[in-house]
Each structure stands twice: as structure tokens, then as C-alpha cells.
Amino acid sequence: KQEVTQIPAALSVPEGENLVLNCSFTDSAIYNLQWFRQDPGKGLTSLLLIQSSQREQTSGRLNASLDKSSGRSTLYIAASQPGDSATYLCAVNGNDMRFGAGTRLTVKP
Amino acid sequence: DTGVSQDPRHKITKRGQNVTFRCDPISEHNRLYWYRQTLGQGPEFLTYFQNEAQLEKSRLLSDRFSAERPKGSFSTLEIQRTEQGDSAMYLCASSLQGGFEAFFGQGTRLTVV
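None of the values given here were measured: they were computed from a predicted structure.

Caption draft 1: Up close: the pattern of salt bridges. Summed over the entire model, instances satisfying the criterion amount to nine salt bridges over all chains. When the shortest N-O distance is used, the salt bridge between A:Asp84 and A:Arg61 registers 2.8 Å. With A:Asp84 in the loop between β8 (72–77) and β9 (86–93) and A:Arg61 in the loop between β6 (56–59) and β7 (62–67), the pair connects residues that are 23 residues apart, well separated along the chain. With a relative accessible area of 29%, A:Arg61 lands in the partly exposed category. Salt-bridge contacts for A:Arg98 lead to B:Glu56; the nearest nitrogen and oxygen are separated by 3.1 Å. With A:Arg98 in strand β10 (residues 97–99) and B:Glu56 in strand β6 (residues 53–57), this pair bridges two chains. Residue classification places B:Glu56 among the partly exposed positions, given a relative accessible area of 25%. Sharing partners across several salt bridges, the network here consists of A:Asp96, A:Arg98 and B:Glu56.

Rendered as C-alpha cells:
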């Protein structure tokens, strides 16, 4: 059974900092890995999808990497802004889709 | 396309009552997932469908929970004899196929009093 772990559980940074969120998974037999953002009380918004054959995917200030063999992915956020404050979730897509517990990010003005 | 739609958005029910939630996936999406999320936790997998076939169910899906997708389009999740521990956000997602990008609805927040 796929186990997904996200570190850290919470992160607080001043505006403008670059930051890295980590996701690890136990079973490398995956199709892809997807990063989501969730605002309080809301559904999930897809940020980036990395196929298992890819190493990296970029969208604006976000960059996600994937090392399937070691079971790791990182989400890099450049020049963080207060509007980035949210919970970030990674989901590993194999036969089904399994989530980590998320990293709660606070960006202070 | 309006995305994944869930109804209702909020439901308050008394303990012991039955509730049913509906999910309308993005049209032509064959894969449909249900998740439960409690405060401060990531979404917990409940079940998924490929078209009308229910391919996997979590052990979290006790005999009080049942899900259907009768025509391979919308899906319903029913909880019988609700308990306070069922209070959570219930999320639905769909994707074109397994392994493709998944899109989530806004969720149904259930409160059992």
C-alpha cells in the first residue's frame, strides 16, 4: 500500500523567501505525481502534474521535481507572497491516488 | 465545462439519519474518486470508479457507506445511520483515465449533531 509523507507539516516564512516543500512515497510504481493547493474550507486546486517519465515541471513561480527511483518530489516556490498561504498537498497516482497530510504554509507580509 | 460539481456544499444532519451526496464529474472523465478529509489531515481515499465499475474500496468505507455510479456519469455516496465521527469534508475528483490529471470539486461538508 502506497504511503505518502510530507515534510514539514507547517512552515512560516517572510514574504519574498524561496522555499521547498518535500513529498516522499514508498512505492515507485506510479504514473504521475500531482501537487495541489487547498485554501481553508475549500476543495483542491491542481498546481502541477509530473509524469513518471519526467524530472521537472514548471508553472510560473512554482517548480516541481520528481525522483521516482528514490520516491521523492519537491515543490519549489520562488519569491513567496502572502497569497501563497495555503496547504499544499502532494498526491501519488498509481492504481489509485494517495495523498500526504500536507504542508501548511504561511507567508508573512 | 464547469468542472467537477458536488451537491450539497453543506449538510447538517442528526446522528442516526441517512445522507446522500452527489458528484458530477467533468464530462467524458472515466475515472471518479471519493475522499474524506478531516481538519488538518490530507484527503483519505474511500473508493474509485472506472466508468460504472467500482474498482477499489478502502477499509474506511464501512458497511454504512455505499457508493454508486450507475451509468458511468454522476456518482452518489450514501452514509447510513450517521455518527458524529462521520463529520468531515467529502471530496470528489475525476480524471480522463487512471494516471491522468485529476480535478476536484469543492467538496460537501458534513456535520453530524
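Caption draft 2: The environment of A:Val13, seen in detail. Residues and elements named next belong to chain A. On the secondary structure map, Val13 appears in strand β2 (residues 10–14). Once the C-alpha coordinates of Val13 and Pro109 are considered, the two residues, 96 residues apart in sequence, prove to be 9.1 Å apart. In contact with Val13, not counting residues within four places along its chain, are Leu19, Ser80, Leu105, Thr106, Val107 and Lys108.

Caption draft 3: Region of interest: the state of the cysteines. What the rule picks out here adds up to two disulfides over all chains. Residue pairing for A:Cys23: its cysteine sulfur links by disulfide to A:Cys90, the two sulfurs lying 2.0 Å apart. Judged by the sign of its S-S torsion, about 70 degrees, the bond between A:Cys23 and A:Cys90 is right-handed. In this pair, A:Cys23 is assigned in strand β3 (residues 19–25) and A:Cys90 in strand β9, connecting sequence segments 67 residues apart. The disulfide bridge from B:Cys23 ends at B:Cys92, spanning 1.8 Å between sulfur atoms. The sign of the -65 degrees torsion about the S-S bond sets the B:Cys23-B:Cys92 disulfide as left-handed. Here B:Cys23, found in strand β3 (residues 19–24), pairs with B:Cys92, found in strand β9 (residues 88–95); they are 69 residues apart in sequence, far enough to count as distant. When sorted by exposure, B:Cys23 lands in the same class as B:Cys92, which is buried.

Caption draft 4: Inspection of the interface of chain A and chain B at higher detail. Each partner contributes residues to the interface: chain A has 21 residues there, and chain B has 21 residues. Applying the counting rule to chain A against chain B returns one salt bridge. At the boundary of chain A and chain B, one finds six residue pairs in polar contact (both at pLDDT 80 or more). Those elements giving two or more residues to the side of chain A that touches chain B turn out to be β4 (32–38), β5 (44–51), β9 and β10 of chain A.

Caption draft 5: Inspection of the layout of surface pockets at higher detail. By volume, the largest pocket is sized at about 500 Å³. Forming the walls of the largest pocket are 24 residues, and the residues nearest its centre are A:Gln38, A:Thr87, B:Leu39, B:Gly40 and B:Gln41. Counting only elements with at least two residues in the lining of the largest pocket, the list comes to β9 and β11 (103–108) of chain A together with β9 of chain B. When residues of the lining of the largest pocket are assigned to their parent elements, the largest contribution, four residues, is made by β11(A). Considered as a void within the structure, the second largest pocket measures approximately 430 Å³ in volume. Every residue lining the second largest pocket is counted, 17 residues in all, and those nearest its centre are A:Lys1, A:Arg98, A:Phe99, B:Pro43 and B:Glu44.

Caption draft 6: Local environment of the sheet that holds β3(B). All names here are of chain B. Ordered by their spatial adjacency, four strands build an open sheet running β1-β3-β8-β7, and the pairing between neighbours is antiparallel. Each having just a single partner strand, β1 (5–7) and β7 (65–68) make up the two edges of the open sheet. Here the strands of the sheet are splayed against their neighbours by 15 degrees on average, with no regard to which way each runs. Examined bridge by bridge, β3 and strand β8 (residues 75–79) share five bridges and lie antiparallel to one another.

Caption draft 7: Just the sheet that holds β3(A), in detail. All names here are of chain A. Ordered by their spatial adjacency, five strands build an open sheet running β1-β3-β8-β7-β6, and the pairing between neighbours is antiparallel. Strands at the two margins of the open sheet, each flanked by one partner only, are β1 (4–7) and β6. Strand-to-strand twist in this sheet, taken as the mean axis angle between neighbours without regard to direction, amounts to 15 degrees. In the sheet, β3 pairs with β8 via six bridges, with the strands oriented antiparallel. Residue pairing across strands places Leu21 opposite Leu75, the latter belonging to β8.

Conventions we followed
Residues numbered from 1 in each chain as written. Chains lettered and ligands numbered in written order. Predicted model: local features only at pLDDT ≥ 70, side-chain atom pairs only at ≥ 80, totals over all residues. Heavy atoms only, no water. Salt bridge = Lys/Arg side-chain N within 4 Å of Asp/Glu carboxyl O. Helix = DSSP H or I, 4+ residues; strand = E, 2+ residues; numbered from the N terminus. Buried < 20%, exposed > 50% of the residue type's maximum accessible area, 1.4 Å probe, protein only. Contact = heavy atoms within 4.5 Å. Disulfide = S-S within 2.5 Å. Polar contact = N/O pair within 3.5 Å; in protein donor to acceptor, adjacent residues only side chain to side chain. 1 Å grid on protein atoms, 1.4 Å probe; cavity = no way out; pocket = protein on both sides within 12 Å on 5 of 7 lines; lining within 4 Å. Points joined across faces, edges and corners; volume = space filled by probe spheres on them. Pairing = 2+ DSSP bridges. Axes fitted to C-alpha atoms, helices over the stretch in contact; angles between N-to-C directions.

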